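Inside the fold
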Amino acid sequence: MSSKENKTPLTATRNALIIFTRNPELGKGKRRLAATVGDHVALEIYTFLLRHTVDITKNLDVEKQVYYSEKIGANDLWDNVTFSKKVQSGATLGDRMSKAFADGFAAGYDKICIIGSDMFDMGQHDLEKAFRGLETHDFVIGPATDGGYYLLGMKKHTPTLFQNKSWGEQTVLKDTLSDLKNEKVHLLPEKNDVDTYEDIKDHPAFDTFLKNVKND
């Protein structure tokens, strides 16, 4: 990033990145991917994605909070100095994200972004752009190719964004943008998250994991 682009340090306000992650366990998570590659390979790929997420977030100049799906990992990839650790709370994905945002704003953060842990095509610069976007917009969204979003950021808790959504369906992005039709929204470049074999079969970074997977 050039000096002209980097006008204001991210820490000028209290910014937080929420990272939603699933505890990596064999036979849990990435079920659509596992249907093709098997449980063991799916777990290897997810662990690889977790490491990538650590790499692209650990040096980001904001507070970083890892929200586990089931229980806090004490000695895992997320070190206790760089990342604070919490457990997701709520019946649906929308409930859990809404609660995480609400807690963040209650703690005094000014700008909050949330991501998952299955985005190989995302880098630290994308996260920096998201927080920069919140300097001039109230919301920022990273559209995913499957009709959802890989990043959501805001400057105020907005519960309606997490209500009446068919999570995991192709309508999530459209419905979210409809909720924000009267707001200032900054859109990031569209990216592909990793959910199925089709998402990674032609990506060189995953060749090692897929070398024994037969392509029907």
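Now for a description of the structure that goes with this document. (Residues numbered from 1 in each chain as written. Predicted model: local features only at pLDDT ≥ 70, side-chain atom pairs only at ≥ 80, totals over all residues. Heavy atoms only, no water.)

1. Points about the overall build of the chain
A count of helical and extended segments in the chain gives seven helices and seven strands. In sequence order, the secondary structure elements of the chain are arranged as β-α-α-β-β-α-β-α-β-β-α-β-α-α. Here the C-alpha atoms of the chain give a radius of gyration of 17 Å, agreeing with the 17 Å that 2.2 N^0.38 yields for 216 residues. Oriented by its inertia axes, the alpha-carbon framework of the chain measures out at about 50 × 35 × 35 Å. Partitioning the intrachain contacts of the chain with sequence separation of at least 6 by distance along the chain shows that 67% fall at a separation of at least 24. Counting every atom, the chain has about 11100 Å² of accessible surface; 47% of that belongs to carbon and sulfur. Charge-centre separation for the chain: the mean point of 29 positive side chains lies 3 Å from the mean point of 32 negative side chains. (Helix = DSSP H or I, 4+ residues; strand = E, 2+ residues; numbered from the N terminus. Rg over C-alpha atoms; globule rule 2.2 N^0.38 Å. Contact = heavy atoms within 4.5 Å. Areas by Shrake-Rupley, 256 points an atom, 1.4 Å probe, with all protein chains shown as cover. Lys, Arg positive; Asp, Glu negative; His and termini not counted. Charge placed at Lys NZ, Arg CZ, Asp CG, Glu CD.)

2. Some details on empty space enclosed by the protein
Per the counting criterion, the structure on display carries one cavity of 30 Å³ or more. Lining the largest cavity are 14 residues; nearest its centre among them are E25, K28, G29, A42 and L43. Per-element accounting of the lining of the largest cavity gives the leading share, four residues, to helix α2 (residues 39–57). (1 Å grid on protein atoms, 1.4 Å probe; cavity = no way out; pocket = protein on both sides within 12 Å on 5 of 7 lines; lining within 4 Å. Points joined across faces, edges and corners; volume = space filled by probe spheres on them.)

3. Section: the side chain of T57
If you trace the backbone, T57 turns up in helix α2. For T57, a relative accessible area of 0% corresponds to the buried category. Within the structure, T57 has its side chain in polar contact with the backbone oxygen of T53 (distance 2.7 Å). (Buried < 20%, exposed > 50% of the residue type's maximum accessible area, 1.4 Å probe, protein only. Polar contact = N/O pair within 3.5 Å; in protein donor to acceptor, adjacent residues only side chain to side chain.)

4. Observations regarding unusual backbone geometry
Positive phi values are uncommon outside glycine, yet N164 reaches one of about 55°. Secondary-structure assignment places N164 in the loop between β6 (149–154) and α5 (172–179). A relative accessible area of 77% means that N164 is categorised as exposed.

5. Focus: the pattern of salt bridges
Inspection of every chain in the model, using the stated rule, returns 16 salt bridges. Ionic pairing is found between D76 and K85, a salt bridge with its closest N-O pair at 3.0 Å. Overall, K85 belongs to the buried group, its relative accessible area being 16%. (Salt bridge = Lys/Arg side-chain N within 4 Å of Asp/Glu carboxyl O.)

6. Focus on the sheet that holds strand β7 (residues 185–187)
Spatial ordering of the open sheet is given by β3-β2-β1-β4-β6-β5-β7, a layout of seven strands whose pairing is mixed. The open sheet is flanked by β3 (84–87) and β7, the only strands paired with a single partner. Along the sheet, successive strands turn relative to each other by an average axial angle of 20°, direction set aside. Strand contacts of α2: β1 (15–21), β2 (63–68) and β4 (111–115), with the helix running at about 175° to β1, the strand carrying the most contacts. With respect to the sheet, helix α4 (residues 124–136) is in contact with β1, β4, β5 (139–143), β6 and β7, its orientation differing from that of β4 by roughly 145°. (Pairing = 2+ DSSP bridges. Axes fitted to C-alpha atoms, helices over the stretch in contact; angles between N-to-C directions.)

7. Describing the packing of aromatic side chains
Taken as a whole and judged by the stated rule, the model has eight aromatic pairs. When the centroid spacing of 5.2 Å and the interplanar angle of 55° are considered together, the rings of F48 and F209 count as tilted. Here the residue F48 occupies a position in helix α2, and F209 occupies one in helix α7 (residues 207–210), the gap between them amounting to 161 residues. By way of ring pairs, the aromatic residues F48, F120, F206 and F209 are connected into one cluster. Stacked on the ring of Y109, the Lys or Arg R14 has its end atom at 4.4 Å from the ring centre. (Phe/Tyr/Trp six-rings, centres within 6.5 Å; stacked < 30°, edge-to-face > 60°. Lys NZ or Arg CZ within 6 Å of the ring centre and 35° of its normal.)

8. Describing helix α3 (residues 93–106)
Taking 1.5 Å of rise per residue, the 14 residues of α3 would be expected to cover 20 Å, and the 20 Å separating its terminal C-alpha atoms lies within 8% of that figure. Of all the positions in α3, only G94, M97, S98, A100, F101, G104 and F105 are classed as buried. The buried residues of α3 occupy one face: seen down the axis, they fall within an arc of 160°. (Expected span 1.5 Å × (residues − 1). Arc of directions from axis to C-beta.)

9. Overview of α5
When α5 is considered as a whole, its buried residues turn out to be V172, L173 and T176. Across the axial projection of α5, the buried residues extend over an arc of 95°, all falling on one side. Looking at the buried residues of α5, the elements they touch are β5 and β6.

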